[in-house]
Amino acid sequence: MARNVVLIGFMGTGKTSIGKRLASRLGFAFLDLDQFIEEREGCKIPEIFAGRGEAYFRAAEKKAVEEAASRKNTVIATGGGTVKDPENMERLRRSGAIVCLTADVDTIVARTSRRGERPLLDRSGDRRQAVAELLESRRSLYEQADCFVDTNNRSPLEITEEICHFLKREGNLHG
Ligand code: S3P
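One structure accompanies this document, and this report is about it. Every value quoted in this text rests on a predicted model; they were computed, and no experiment measured them. (Residues numbered from 1 in each chain as written. Predicted model: local features only at pLDDT ≥ 70, side-chain atom pairs only at ≥ 80, totals over all residues. Heavy atoms only, no water.)

1. Brief notes about the overall build of the protein
- On a plain count of helices and strands, the protein comes out with nine helices and five strands.
- Whereas a compact globule of 175 residues would reach a radius of gyration of roughly 16 Å, the protein reaches 15 Å, a difference of no more than 12%.
- For the C-alpha atoms alone, the extent of the protein along its principal axes is close to 50 × 35 × 25 Å.
- Sequence-distant contacts in the protein: of pairs separated by 6 or more residues, those separated by 24 or more amount to 72%.
- Entry remark: accessible area of the protein is about 8800 Å², with carbon and sulfur atoms responsible for 48%.
- With 29 positive and 27 negative side-chain charges, the protein shows a separation of 3 Å between the mean positions of the two kinds. (Helix = DSSP H or I, 4+ residues; strand = E, 2+ residues; numbered from the N terminus. Rg over C-alpha atoms; globule rule 2.2 N^0.38 Å. Contact = heavy atoms within 4.5 Å. Areas by Shrake-Rupley, 256 points an atom, 1.4 Å probe, with all protein chains shown as cover. Lys, Arg positive; Asp, Glu negative; His and termini not counted. Charge placed at Lys NZ, Arg CZ, Asp CG, Glu CD.)

So this is what it looks like as structure tokens:
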């Protein structure tokens, strides 16, 4: 039985778009945690942060992880902060291979420049500094992955193929 594939990484590293692509390449289901939470809560992530606060969001995220980790043959795209909770990581690790997508600060700033989508970045005046600081503070958490894939200046196809190579090497994927 194939294990899940869990994508972790900072905001703007492409977890959702690569996750969708990878799922169709593998013939797996796709589950995006942020989207799952939005469907459950009936509102968008920025509204959840604004109306109920980050702690409420993290609790909803934890429930979503529990549900996601019980799935099979699924590519799970996490949110950038899912890694902060050790129990989330333990559950996800038991459910599958953990792949971390990486990107440098400039790439992340460019990819997350749209306002109104990422409450943790919107509340800071200096976006570049906010990205750099948050990324640094989470570095050791992202390092828990089994495999790291650089997404700077690379096509979605290249990134997806690199993940597939890793999965084949570690016996998660045949053929
Ligand atoms: C967050 C990342 C977001 C979303 C929320 C919090 C974070 O997901 O879960 O805004 O703490 O890094 P993406 O990584 O998909 O943007």
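2. What about the layout of surface pockets?
- For the largest pocket, the calculated volume is near 680 Å³.
- Met11, Thr16, Asp34, Glu117 and Arg118 are the residues nearest the centre of the largest pocket, which is lined by 28 residues in total.
- Mapped onto the lining of the largest pocket, the elements with two or more residues apiece are α1 (15-26), α2 (33-41), α3 (45-52), α4 (54-69) and α7 (119-122).
- Of the residues that constitute the lining of the largest pocket, the class distribution is seven nonpolar, nine polar and 12 charged.
- By volume, the second largest pocket amounts to about 180 Å³.
- In terms of lining, the second largest pocket is formed by 14 residues, of which the most central are Cys100, Thr102, Leu135, Arg139 and Tyr142.
- Those elements that place two or more of their residues in the lining of the second largest pocket are β4 (96-102) and α8 (127-142).
- The residue inventory of the lining of the second largest pocket, partitioned by class, reads eight nonpolar, three polar and three charged. (1 Å grid on protein atoms, 1.4 Å probe; cavity = no way out; pocket = protein on both sides within 12 Å on 5 of 7 lines; lining within 4 Å. Points joined across faces, edges and corners; volume = space filled by probe spheres on them. Nonpolar A, V, L, I, M, F, W, Y, C, P; charged D, E, K, R; others polar.)

3. Points about the pairing of strand β1 (residues 4-8)
- Burial within β1 is extensive, with five of its five residues counted as buried.
- Along β1, one buried face is formed by Asn4, Val6 and Ile8 and the opposite face, lined by Val5 and Leu7, is buried too.
- Bridging between β1 and strand β3 (residues 74-77) involves three bridges; their strand directions are parallel. Paired with Val5 across the bridge in β3 is Val75. (Buried < 20%, exposed > 50% of the residue type's maximum accessible area, 1.4 Å probe, protein only. Pairing = 2+ DSSP bridges.)

4. So, the nonpolar core
- Ranked by size, the top nonpolar core spans 32 residues in total, and within it Ile8, Phe10, Leu33, Ile98 and Tyr142 carry the most contacts.
- The element best represented in this core is α4, accounting for five residues.
- Beyond its immediate sequence surroundings of up to four residues, Tyr142 is in contact with Ile8, Gly9, Phe10, Gly80, Val83, Cys100, Leu135 and Phe148.
- By size, the runner-up hydrophobic cluster in this structure holds 18 residues, among which are Val5, Val75, Cys147 and Phe166. (Core = buried A, V, L, I, M, F, W, Y, C linked by side-chain atoms within 4.5 Å.)

5. Describing the side chain of Arg138
- Mapped onto the fold, Arg138 is located in helix α8.
- The buried charged residue Arg138 lacks any salt bridge partner; its closest oppositely charged side chain belongs to Glu54, at an N-O distance of 5.4 Å.
- Beyond its immediate sequence surroundings of up to four residues, Arg138 is in contact with Phe10, Arg58, Gly80, Gly81, Lys84 and Leu120. (Salt bridge = Lys/Arg side-chain N within 4 Å of Asp/Glu carboxyl O.)

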